Amino acid sequence: MGIVVAGVDDLLSDKAAKMRESLQKSQTITENVVSILGSFDHRLSALETAMRPTQIRTHSIRKAHENIDKTLKVAEVILAHFDQIRQAEAKILKGPHEDLESYLQAIAKLRSNIQFFGSIKGSKSSDAVINHANNLLAKAISKLENEFKQLLSSYSKPVEPERLFDCLPNSMRPSSGSPSHDGDPNGKNHSNHHSEAHNNTADAVVYTPPALIPPRVLPLLHDLAQQMIDAGHRQQLLKIYRDVRSNVLEESLRKLGVEKLSKDDVQKLQWEILEAKIGNWIHYMRIAVKLLFAGERKVCDEIFEGFDSLSEQCFAEVTTNSVSLLLSFGEAIAKSKRSPEKLFVLLDMYEIMQELQSEIETLFKGKACMEIRDAAMVLTKRLAQTAQETFGDFEEAVEKDATKTAVTDGTVHPLTSYVINYVKFLFDYRSTLKQLFQEFEVTKDSPQLASVTMRIMQALQTNLDGKSKQYKDLALTHLFLMNNVHYIVRSVRRSDAKDLLGDDWVQRHRRIVQQHANQYKRNAWAKILQCLSIQGLTSSGGGSGDGGNGSSSGASRAVVKDRFKTFNTMFEELHQKQSQWTVPDSELRESLRLAIAEVLMPAYRSFVKRFGSLVENGKNPHKFVKYTAEDLDRMLGEFFEGKNMNETRR
């Protein structure tokens, strides 16, 4: 057992010794490896130190290549912009006339390149390029201004009147080459355009403004204007447009016939000439607003599309002189001396201004056109005021009319026919007058057309009463009043005034006519009828006189002869005088003759039948019984014919 244990220990000792030996070798190797690795790390560090400059140079070279590539690319871009400037310069120097679209593209490229080089900071060469490009752009815009002016001028021509007339509705086109119309002496030819029927259909009438500039040219002008505005040449653009278009517009109006007349010029014109000019002015206003100004508004809006304020300013400056030319005539009329015949043309002028008011507000919109709108409104109000004052003047003038016009034949006085025609024409303006009354109404009791018309009629009758007193013959006084009041009544019954004045007014004045007729008969025929009465023919004792005759009831032959002679003389005087008097209305004339005959003829027949025998048996009976009843009836048929003295004697 002991021998075995000893052997195991020895074996373990050997193994332990070998393990120590292995460990020692391993440690030695480890130390050697560590020593080698340390040496290798030292050598790597030295190598890295040696390689670092090379690496740095390699990185720098790579960066340099990258920078070179970038620089080349930038240079290519810059060169491309340089090339674009050269191309644009060539087109700009050539001018826009041949190829405007290409020219505008060149300007756009030039602006783009100026912006590009402006983004490059701190480059003297860029500053030089920008200066060159800006100088080039200034030349380009200058050429554009010239092109805009030339293009606008070449297509801006005055509009011939015939072309404007063709744009009017058929009912408003003049039959001849002139816009003036043949009308009645009161200027009512153009009343067709202010009648209530017209007012109801005016909105349906279509006006087609002419193309003042060909539509194909407007886009080019718009593009040119756009470039000038972008270049800051707004004022130059405005001046060019104003100078060209305003002259063309004024020339169009001159060709139409519009002329500048001052208040003094108006005052010197004869009424017939002035009336015609006013009628033309009304026509011109309609053409100017609905055609010329409407066409100009369209041109402005298209050329300056996108620049509303500039469009309004251009339109205002282009039209100012033309509008002023038109309105100045209206102002001259409104400020001129008032007279009754001017009322109707004043109302016509007021109506056209009212008709055009909404279109003027639409066309001349915006702040730039405010003065024009205000001027039109001022004229409208002034015309209304002058018309209202003229209307008031007329009533006073009728009552105070002191014309010495002699109406020797008792016919209708010129004042009567004038006033009645005046009043009849007033009814064509009922709606307009209603507006005037309302505009100047102060209280609810302000005069309306009916009461004013009644006052005018009363003023006329008051004046006629005064004029009737110029006649020395009372019979002629009443014949004159009968004729005039009858004319008034008949005219009223045949016009719209009947509805306004009423049946009571008509009936009352018909009775006045009859009263004057009765007064005429009493004053003209009372004395001659006394010659045919039996009073004073018979003696108080009933004696028979010369060769008494029972049928004569004891009348004196001498007295009967005297009665016949007196009757013949008086009737001949009445015939001679009243054949020169006039009753112009045929119905009234016949009724008056009939009324006379109904009184005179029975009395004459009775007198001849009763007393004719006293003179028929004597010497020269025809000297006394000079006329048969048929002769008298025939001669009565010659009364009131207005014959002159020579005709009466024949």
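Residues numbered from 1 in each chain as written. Predicted model: local features only at pLDDT ≥ 70, side-chain atom pairs only at ≥ 80, totals over all residues. Heavy atoms only, no water.

By the naming in an unreviewed UniProt entry, the protein goes by Exocyst subunit Exo70 family protein and is assigned to Lupinus albus. Listed in UniProt under the heading Function (unreviewed entry), the comment for the protein reads: "Component of the exocyst complex." (UniProt positions renumbered as here; feature names shortened; annotations may be inferred.)

Caption draft 1: How the structure looks around the overall build of the protein. A count of helical and extended segments in the protein gives 22 helices and zero strands. Classification of the 650 residues of the protein by burial places 42% in the buried group. (Helix = DSSP H or I, 4+ residues; strand = E, 2+ residues; numbered from the N terminus. Buried < 20%, exposed > 50% of the residue type's maximum accessible area, 1.4 Å probe, protein only.)

Caption draft 2: Examining the packing of aromatic side chains more closely. Inspection of the entire model under this criterion finds 21 aromatic pairs. An aromatic cluster is built from Tyr520, Trp525, Phe567, Phe571, Tyr604, Tyr627, Phe639 and Phe640, whose rings are joined through pairwise contacts. Cation over ring: Arg297 sits above Phe315, and NZ or CZ is 4.6 Å from the ring centre. (Phe/Tyr/Trp six-rings, centres within 6.5 Å; stacked < 30°, edge-to-face > 60°. Lys NZ or Arg CZ within 6 Å of the ring centre and 35° of its normal.)

Caption draft 3: Region of interest: the environment of Gln530. For Gln530, the location among the structural elements is in helix 18 (residues 503-531). Look at Gln530 and you get exposed, because its relative accessible area is 55%. Taking the C-alpha atoms as reference points, Gln530 and Ala603, separated by 73 residues in sequence, lie 9.7 Å from one another.

Caption draft 4: Structural context of empty space enclosed by the protein. Per the counting criterion, the structure on display carries three cavities of 30 Å³ or more. Roughly 80 Å³ of internal volume is contained in the largest cavity. Of all the secondary structure elements, the ones that give two or more residues to the lining of the largest cavity are helix 9 (271-303), helix 10 (308-335), helix 11 (342-363) and helix 12 (370-400). Residues that form the lining of the largest cavity fall into these classes: eleven nonpolar, no polar and no charged. Put simply, the second largest cavity is a space of about 60 Å³. Every residue along the wall of the second largest cavity is listed here: Met353, Gln357, Ile360, Glu361, Arg373, Ala376, Met377 and Thr380. Secondary-structure elements contributing two or more residues to the lining of the second largest cavity are helix 11 and helix 12. When the residues that make up the lining of the second largest cavity are grouped by side-chain class, the tally is four nonpolar, two polar and two charged. (1 Å grid on protein atoms, 1.4 Å probe; cavity = no way out; pocket = protein on both sides within 12 Å on 5 of 7 lines; lining within 4 Å. Points joined across faces, edges and corners; volume = space filled by probe spheres on them. Nonpolar A, V, L, I, M, F, W, Y, C, P; charged D, E, K, R; others polar.)

Caption draft 5: Up close: helix 11. Here helix 11 is 22 residues long and its end C-alpha atoms lie 30 Å apart, about the 32 Å a rise of 1.5 Å per residue gives. Taking the largest bend as the criterion, helix 11 deviates by roughly 45 degrees, centred on Gln357. (Expected span 1.5 Å × (residues − 1). Bend = angle between axes of the 7 residues up to and from the residue.)

Caption draft 6: Looking closely at unusual backbone geometry. A positive phi angle, near 65 degrees, is found at Phe640, a position not held by glycine. Summarising the element assignment, Phe640 is placed in the loop between helix 21 (629-636) and helix 22 (645-649). A residue is classified by how much of its surface remains accessible, and Phe640, at 1% relative accessible area, is buried.

Caption draft 7: Spotlight on the packing of helix 18 against helix 20 (residues 586-616). Where helix 18 contacts helix 20, the axes come no closer than 11 Å and their chain directions differ by 15 degrees. Considered as vectors, helix 18 and helix 20 are oriented roughly parallel to each other. Helix 18 and helix 20 meet at a crossing whose hand is right-handed. Across the interface between the two elements, Ala517, Tyr520, Lys521, Trp525, Leu529 and Cys531 from helix 18 touch Leu592, Ala595, Ile596, Val599, Leu600, Ala603 and Phe607 from helix 20. Counted by class, the contact of helix 18 with helix 20 contains twelve nonpolar, no polar and one charged residues. (Axes fitted to C-alpha atoms, helices over the stretch in contact; angles between N-to-C directions. Parallel < 35°, antiparallel > 145°, perpendicular 65-115°, else oblique. Left-handed = near helix turned anticlockwise from the far one by under 90°. Contact = heavy atoms within 4.5 Å.)

Caption draft 8: The arrangement of helix 9 in detail. Over its 33 residues, helix 9 runs 45 Å from end to end, which matches the ideal 48 Å to within 8%, given 1.5 Å per residue. With 26 of its 33 residues buried, helix 9 lies for the most part within the structure.

Caption draft 9: Seen up close, the pattern of salt bridges. In the structure shown here, the tally under the stated rule is 25 salt bridges. Across the pair Asp243 and Arg242 runs a salt bridge, and its minimum N-O distance is 3.4 Å. Accessibility expressed as a relative area gives 30% for Asp243, which makes it partly exposed. Note that Asp496 and Arg430 form a salt bridge whose closest N and O atoms lie 3.5 Å from each other. A residue pair is termed long-range when its members are at least 10 positions apart, and Asp496 in the loop between helix 16 (474-493) and helix 17 (497-501) and Arg430 in helix 14 (residues 430-439) qualify at 66 residues. Each of Lys239, Arg242, Asp243 and Glu317 takes part in a single network of salt bridges with overlapping partners. (Salt bridge = Lys/Arg side-chain N within 4 Å of Asp/Glu carboxyl O.)

Caption draft 10: Looking closely at the side chain of Asp585. By secondary structure assignment, the location of Asp585 is in the loop between helix 19 (557-578) and helix 20. Only 2.9 Å separates the side chain of Asp585 from the backbone nitrogen of Leu588, close enough to count as a polar contact. Apart from the residues lying within four places of it in its own chain, the contact partners of Asp585 are His486 and Arg490. (Polar contact = N/O pair within 3.5 Å; in protein donor to acceptor, adjacent residues only side chain to side chain.)

Caption draft 11: Representation of the environment of Lys139. Its location among the elements puts Lys139 in helix 3 (residues 124-154). Along the backbone, Lys139 and Ile92 are 47 residues apart, and their C-alpha atoms lie at a distance of 7.9 Å.

Caption draft 12: Geometry of a positive patch on the surface. Positive charge collects at one region of the surface, where Lys424, Arg493, Arg494, Lys498 and Arg510 lie side by side. Inspection of the secondary structure assignment puts Lys424 in helix 13 (residues 414-426). (Patch = residues over 30% accessible without salt bridge, like charges linked within 9 Å, V, L, I, M, F, W, Y side chains within 5 Å. Areas by Shrake-Rupley, 256 points an atom, 1.4 Å probe, with all protein chains shown as cover. Lys, Arg positive; Asp, Glu negative; His and termini not counted. Charge placed at Lys NZ, Arg CZ, Asp CG, Glu CD.)

Caption draft 13: Just the environment of Gln150, in detail. Relative to the elements of secondary structure, Gln150 occurs in helix 3. Exposure remark for Gln150: the relative accessible area of 46% places this residue in the partly exposed category. Residues Gln150 and Val244, 94 residues apart in the sequence, show an inter-C-alpha distance of 9.8 Å.

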